[in-house]
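Chain and residue survey
If you want the building blocks of each chain, they are given just below.
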Amino acid sequence: QVQLVESGGGLVQAGGSLRLSCEASGRTFSSYAMGWFRQSPGKDREFVAGISRNGGNTYYPDIVKGRFTISRDNAKNTVFLQMNSLKPEDTALYYCAGEYAGAANSYYVYTRNYDFWGQGTQVTVSS
């Protein structure tokens, strides 16, 4: 079992930056591929970044590629999402998610791939 707690959300002006953190409980964090998703009212939960358990592989959809960076510190049981050049359309509740990964280089992009979720942290980008 893994428990995830996000932090770092807030209100920022368009063009600004935020860094989200997600701290995991448990001793096996390094066995989990991690992802970040977001959800706006009335919309489906949307994938924004994924990282393999060893940090060697990352993946981003085009909507955030070049602006968002996912990273992890396995010694601190934490995954990060650095968000730059934020736009009003990035406004959403951001969730981190974890899933046990048998292969060191695997990452996952679908909500159905993940068993563990945090409660979310709100990001609001003003125009």
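Structural notes, computed from the coordinates. (Residues numbered from 1 in each chain as written. Predicted model: local features only at pLDDT ≥ 70, side-chain atom pairs only at ≥ 80, totals over all residues. Heavy atoms only, no water.)

**Brief notes about the environment of Lys 87**
Which entries qualify depends on this criterion: A helix here means a DSSP run of H or I that spans at least four residues, while a strand means a run of E at least two residues long, and both kinds are numbered starting from the N terminus. In what follows, residue pairs with any heavy atoms lying within 4.5 Å of each other are defined as contacts.
Here Lys 87 lies in the loop between strand E8 (78-83) and strand E9 (92-100). Between the C-alpha atom of Lys 87 and that of Gln 13, which follows or precedes it by 74 residues, the distance is 8.1 Å. Discounting residues that sit within four places of it in the chain, Lys 87 has contacts with Arg 67 and Val 125.

**Some words on the packing of aromatic side chains**
How we decide: A pair of Phe, Tyr and Trp rings is counted when the ring centres sit within 6.5 Å of each other, with Trp represented by its six-membered ring. The angle between the planes then sorts it: under 30 degrees is stacked, over 60 is edge-to-face, the rest tilted. Between buried and exposed lies partly exposed: a residue is buried under 20% and exposed over 50% of the maximum accessible area for its type, with that area taken using a 1.4 Å probe on protein chains only.
Throughout the structure, instances matching the rule amount to 10 aromatic pairs. Ring geometry for Phe 37 versus Trp 117: centroids 5.0 Å apart, planes at 55 degrees, classification tilted. Taken as a pair, Phe 37 in strand E4 (residues 32-39) and Trp 117 in strand E10 (residues 116-117) lie far apart in primary sequence, 80 residues in all. Judged by its relative accessible area of 1%, Phe 37 is buried. Judged by relative accessible area, Trp 117 falls into the partly exposed class, the value being 24%. Pairing Phe 47 with Tyr 59 gives two aromatic rings, centres 6.1 Å apart and planes at 25 degrees, and the pair type is stacked. Here the residue Phe 47 occupies a position in strand E5 (residues 46-51), and Tyr 59 occupies one in strand E6 (residues 58-59), the gap between them amounting to 12 residues. The class for Phe 47 is buried, based on a relative accessible area of 11%. Given a relative accessible area of 35%, Tyr 59 falls into the partly exposed group. Through a chain of ring-to-ring contacts, three or more aromatic side chains come together here, namely Phe 37, Phe 47, Tyr 59, Tyr 95, Tyr 107, Tyr 108, Tyr 114 and Trp 117.

**Here's the deal with the side chain of Arg 67**
We apply this condition: Whenever two N or O atoms come within 3.5 Å, that pair is a polar contact, provided that in protein one can donate a hydrogen and the other can accept it, and provided that, for residues adjacent in sequence, both atoms are side-chain atoms.
On the secondary structure map, Arg 67 appears in the loop between E6 and strand E7 (68-73). Only 2.7 Å separates the side chain of Arg 67 from the side chain of Asp 90, close enough to count as a polar contact. Those residues in contact with Arg 67 that lie beyond four places of it in its chain are Gln 82, Met 83, Asn 84, Ser 85, Leu 86, Lys 87 and Asp 90.

**Comments concerning the state of the cysteines**
Each disulfide consists of one covalent bond between the sulfur atoms belonging to two cysteines. Quick reminder of the rule: Counting rule for disulfides: a pair of cysteine sulfur atoms within 2.5 Å.
Under the criterion given, the structure shown has one disulfide. Put simply, Cys 22 and Cys 96 are joined by a disulfide, and their sulfur atoms are 1.9 Å apart. Of this pair, Cys 22 sits in strand E3 (residues 18-24) while Cys 96 sits in strand E9, and the two are 74 residues apart along the sequence. Of the two residues, Cys 22 and Cys 96, both sit in the buried class.

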